[in-house]
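The chain contents come next:
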Amino acid sequence: QVQLVESGGGLVQPGGSLRLSCAASGTIFSTYAMAWYRQAPGKQRSLVASITSGGSTNYADSVKGRFTITRDSAKNTVYLQMNSLKPEDTAVYYCNVEYLNSMLKRGASWGQGTQVTVSS
């Protein structure tokens, strides 16, 4: 079993910053790609940013230049630094981690979601 625990969401004014964290625990041998998705009310869940085990990153066009994804593979943790936040960034943010478990089986898990609200 692999569990993901997210933290760092909250209410922030437009132009502000937040840092999300997602820590994976359980029977993990190693992690592969780690990513953040978001889902606003009435919309589908969409990719915000991803990072490979080698450190290559990918961002949605709407967050390029404002958000930064990083990882600490030793801690099985992925971060999302969000700057210059806009009201349209308001959503529930979910992390997703692809991993190899202790039985050397590949899998993926989702976090429980953390609310980010950008409002004055």
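In what follows, the structure referred to is the one given above.
Remember, predicted model here, so these are calculated numbers, not experimental data.

Colleague: Before we go on, may I ask you to explain the overall build of the chain in this structure?
Modeller: Per the secondary structure count, the chain includes zero helices and 11 strands. The linear arrangement of helices and strands in the chain, starting from the amino end, is β-β-β-β-β-β-β-β-β-β-β. Based on the C-alpha atoms only, the size of the chain along its principal axes is roughly 50 × 25 × 25 Å. Long-range contacts, defined here as pairs at least 24 residues apart, represent 55% of the contacts in the chain between residues at least 6 apart. Accessible surface for the chain amounts to roughly 6,300 Å². Of this, 49% is attributable to carbon and sulfur atoms.

Colleague: How do you make sense of the pattern of salt bridges when you look at a structure like this?
Modeller: A side chain of one charge can pair with a side chain of the opposite charge if their charged atoms are brought near each other. Inspection of the entire model under this criterion finds four salt bridges. A salt bridge links Asp 89 to Arg 38; its shortest N-O distance comes to 3.0 Å. Residue Asp 89 is located in the loop between β8 (77-82) and β9 (91-101), and its partner Arg 38 is located in strand β4 (residues 28-39); the two are separated by 51 residues in the primary sequence. Asp 89 gets classed as buried once you look at its relative accessible area, which sits at 0%. Of the charged contacts in the structure, one is a salt bridge between Arg 66 and Asp 89, with a shortest N-O distance of 2.8 Å. Of this pair, Arg 66 sits in the loop between β6 (57-59) and β7 (67-72) while Asp 89 sits in the loop between β8 and β9; the two residues are 23 residues apart in sequence, bridging distant segments of the chain. Here the salt bridges share partners, and the residues they tie into one network are Arg 38, Arg 66 and Asp 89.

Colleague: Just to check I follow, could you spell out the environment of Leu 85 for this structure?
Modeller: Here Leu 85 lies in the loop between β8 and β9. Note on Leu 85: relative accessible area 2%, which makes it buried. Residues Leu 85 and Asn 58, 27 residues apart in the sequence, show an inter-C-alpha distance of 19 Å. Apart from the residues within four sequence positions on either side, Leu 85 is in contact with Val 12, Pro 14, Gly 15, Gly 16, Ser 17, Leu 18, Arg 66, Phe 67 and Val 118.

Colleague: For this particular structure, what's the right way to read the pairing of β8?
Modeller: For a regular strand, side chains alternate in direction, first toward one face of the sheet and then toward the other. Most of β8 is tucked away, with five of its six residues classed as buried. Here strand β3 (residues 18-26) runs beside β8; their pairing, made up of six bridges, is antiparallel. Residue pairing for β8: Leu 20 is matched across the bridge by Leu 80. With six bridges connecting them, β7 and β8 associate as antiparallel partners. Looking at β8, one finds that Thr 70 is bridged to Tyr 79.

Colleague: What exactly am I supposed to notice about the environment of Asp 72 here?
Modeller: For Asp 72, the location among the structural elements is in strand β7. Residue classification places Asp 72 among the partly exposed positions, given a relative accessible area of 23%. At 3.1 Å, the side chain of Asp 72 and the backbone nitrogen of Ala 74 are in polar contact.

Colleague: Which parts of the structure should I look at to understand the environment of Leu 18?
Modeller: Here Leu 18 is to be found in strand β3. The spatial distance from the C-alpha of Leu 18 to the C-alpha of Ala 40 is 17 Å, given a sequence separation of 22 residues. Leave out the neighbours within four places in its chain, and Leu 18 touches Gly 8, Gly 9, Gly 10, Val 12, Leu 80, Gln 81, Met 82, Leu 85 and Val 116.

Conventions we followed
Residues numbered from 1 in each chain as written. Predicted model: local features only at pLDDT ≥ 70, side-chain atom pairs only at ≥ 80, totals over all residues. Heavy atoms only, no water. Helix = DSSP H or I, 4+ residues; strand = E, 2+ residues; numbered from the N terminus. Contact = heavy atoms within 4.5 Å. Areas by Shrake-Rupley, 256 points an atom, 1.4 Å probe, with all protein chains shown as cover. Salt bridge = Lys/Arg side-chain N within 4 Å of Asp/Glu carboxyl O. Buried < 20%, exposed > 50% of the residue type's maximum accessible area, 1.4 Å probe, protein only. Pairing = 2+ DSSP bridges. Polar contact = N/O pair within 3.5 Å; in protein donor to acceptor, adjacent residues only side chain to side chain.

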